[in-house]
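Tertiary structure, described
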Amino acid sequence: MTPGDFDDPTPDGGTSDSRAFDGRGVVVTGGGRGIGAALARAFAAAGARVAVNDLDAGAAHAVAKECAGTALPGDAASAEGIADLVGRARAELGEIDVWCANAGVAPVGGADAPAAAWTSAWEVNVMAHVRAAELLLPRWLERGEGRFLATVSAAGLLTMLGSAPYSVTKHGALAFAEWLSATYRHRGLRVHALCPQGVRTDLLASTGAVGEALLAPTALDPADVAEAALDGMRAERFLLLPHPEVADYCRARATAPDRWLTGMNRLQQGLERSELL
């Protein structure tokens, strides 16, 4: 990252196009609720043809019905699940123009978190993105066009106290998105990393008292996050920051890392004194 990632709204000199998604085929994983459902609705409102994926088939069908889209329930993390989802999406949409790698898990725990929690976070938060890109890139590069949206969270830019698996894997998701953009931008691939802080979703609720203390006070509605995401994509931004203050935190972390870590550790101590950790 460079300061330009925060300061220049259109790093490629592009301009916001209100019809950028009209008629486009969009897949949203984890689209049955929360940010995913809001993204599906926002893309549909922008004229896209939307396929909604979720492990919860009922939720996927409900959101797809709202969007006049297609429900594609199933696993969006394993190699077999991704291959099946990409195949079904292509059959329904013809072409996949935008892939929203939105499904995520947020297990709590530190270095002592169970191995299963680390495995689940790695598979869903990182490898799902890698596996989708592996299948999508050949056609996108042949066409010279494609978009990959990764729901990373501010934890991928900063960290999330109380959850080592979430913080580490979200850093991995951001790193992979950066690599995709750096490697294929000149070949028409546009990559976006959506990095909100707290969002009023079931995922935030699952983080318990720590999430309530750290994130709930400034939490946004999923619809606001989706609106910020589409606006940023239209403007060809890589980093999509629904909470603008995250840019300031990133600058502080980059320019004075020891001071930033000291501040985070003080926050950790405060949580421990409050018995939230």
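The shown structure was predicted, so the numbers you read here are calculated from the model rather than taken from an experiment.

Quick notes on helix α5 (residues 115-143)
Taking 1.5 Å per residue as the helical rise, α5 with its 29 residues ought to reach 42 Å, and the 41 Å between its terminal C-alpha atoms agrees with that figure. Most pronounced at Met-127, the bend in α5 amounts to some 45°. Backbone geometry just downstream of α5 places Gly-144 in the positive-phi region, at approximately 75°.

Comments concerning helix α10 (residues 245-255)
One turn of the α-helix equals 3.6 residues, which is why residues spaced by three or four share an orientation. Among the residues of α10, those classed as buried are Val-246, Ala-247 and Cys-250. Down the axis, α10 shows its buried residues gathered within 105° of arc, on one side only.

Remarks on the sheet that holds strand β1 (residues 25-28)
Taken together, seven strands build an open sheet; the order of strands is β3-β2-β1-β4-β5-β6-β7 and the sheet is parallel. Here the strands that pair on one side only, and so sit at the sheet edges, are β3 (70-71) and β7 (239-240). Set on the sheet, helix α4 (residues 79-93) makes contact with β1, β2 (49-52), β3 and β4 (98-101); between it and β1 the angle comes to about 150°.

Side note on the nonpolar core
Residues Ile-96, Trp-99, Phe-148, Leu-157 and Leu-180 are the most contacted members of the largest nonpolar core, which totals 42 residues. When contributions to this core are tallied by element, the ones reaching two or more residues are α4, β4, α5, β5 (146-151), α6 (164-184), β6 (189-194), α10 and α11 (257-273).

Quick look at the environment of Val-246
Within the fold, Val-246 resides in helix α10. Between the C-alpha atom of Val-246 and that of Gln-197, which follows or precedes it by 49 residues, the distance is 7.9 Å. Here Val-246 is in contact with Ala-154, Leu-157, Leu-158, Cys-195, Gln-197 and Leu-241, once residues within four sequence places are set aside.

Side note on the pattern of salt bridges
Scanning all chains against the criterion turns up 15 salt bridges. Of the charged contacts in the structure, one is a salt bridge between Arg-88 and Asp-84, with a shortest N-O distance of 3.0 Å. Remark: Asp-84 and Arg-88 occur in helix α4; sequence separation between them is four residues, near one turn of the helix. A salt bridge links Arg-131 to Glu-123; its shortest N-O distance comes to 2.6 Å. Its relative accessible area of 18% is what places Arg-131 among the buried residues. A residue is classified by how much of its surface remains accessible, and Glu-123, at 25% relative accessible area, is partly exposed. Three or more residues joined by partner-sharing salt bridges are found here, namely Arg-24, Glu-95, Asp-97, Arg-143 and Glu-145.

Brief notes about the packing of aromatic side chains
Aromatic ring pairs are described here by two measures, namely the spacing of the ring centres and the angle between the planes. Counted by the stated rule, this structure contains three aromatic pairs. Where Phe-176 meets Trp-179, the ring centres are 6.2 Å apart and the plane angle is 15°; that geometry is what we call stacked. Of this pair, Phe-176 and Trp-179 both sit in helix α6, three residues apart, roughly one helical turn. By relative accessible area, which is 15% here, Phe-176 ends up buried. Where Trp-179 meets Tyr-184, the ring centres are 5.8 Å apart and the plane angle is 85°; that geometry is what we call edge-to-face. A connected cluster of aromatic rings, assembled from ring pairs, spans Phe-176, Trp-179 and Tyr-184. Arg-253 extends its terminal NZ or CZ atom over the ring of Trp-260, reaching a point 5.6 Å from the ring centre.

Conventions used here
Residues numbered from 1 in each chain as written. Predicted model: local features only at pLDDT ≥ 70, side-chain atom pairs only at ≥ 80, totals over all residues. Heavy atoms only, no water. Helix = DSSP H or I, 4+ residues; strand = E, 2+ residues; numbered from the N terminus. Expected span 1.5 Å × (residues − 1). Bend = angle between axes of the 7 residues up to and from the residue. Buried < 20%, exposed > 50% of the residue type's maximum accessible area, 1.4 Å probe, protein only. Arc of directions from axis to C-beta. Pairing = 2+ DSSP bridges. Contact = heavy atoms within 4.5 Å. Axes fitted to C-alpha atoms, helices over the stretch in contact; angles between N-to-C directions. Core = buried A, V, L, I, M, F, W, Y, C linked by side-chain atoms within 4.5 Å. Salt bridge = Lys/Arg side-chain N within 4 Å of Asp/Glu carboxyl O. Phe/Tyr/Trp six-rings, centres within 6.5 Å; stacked < 30°, edge-to-face > 60°. Lys NZ or Arg CZ within 6 Å of the ring centre and 35° of its normal.

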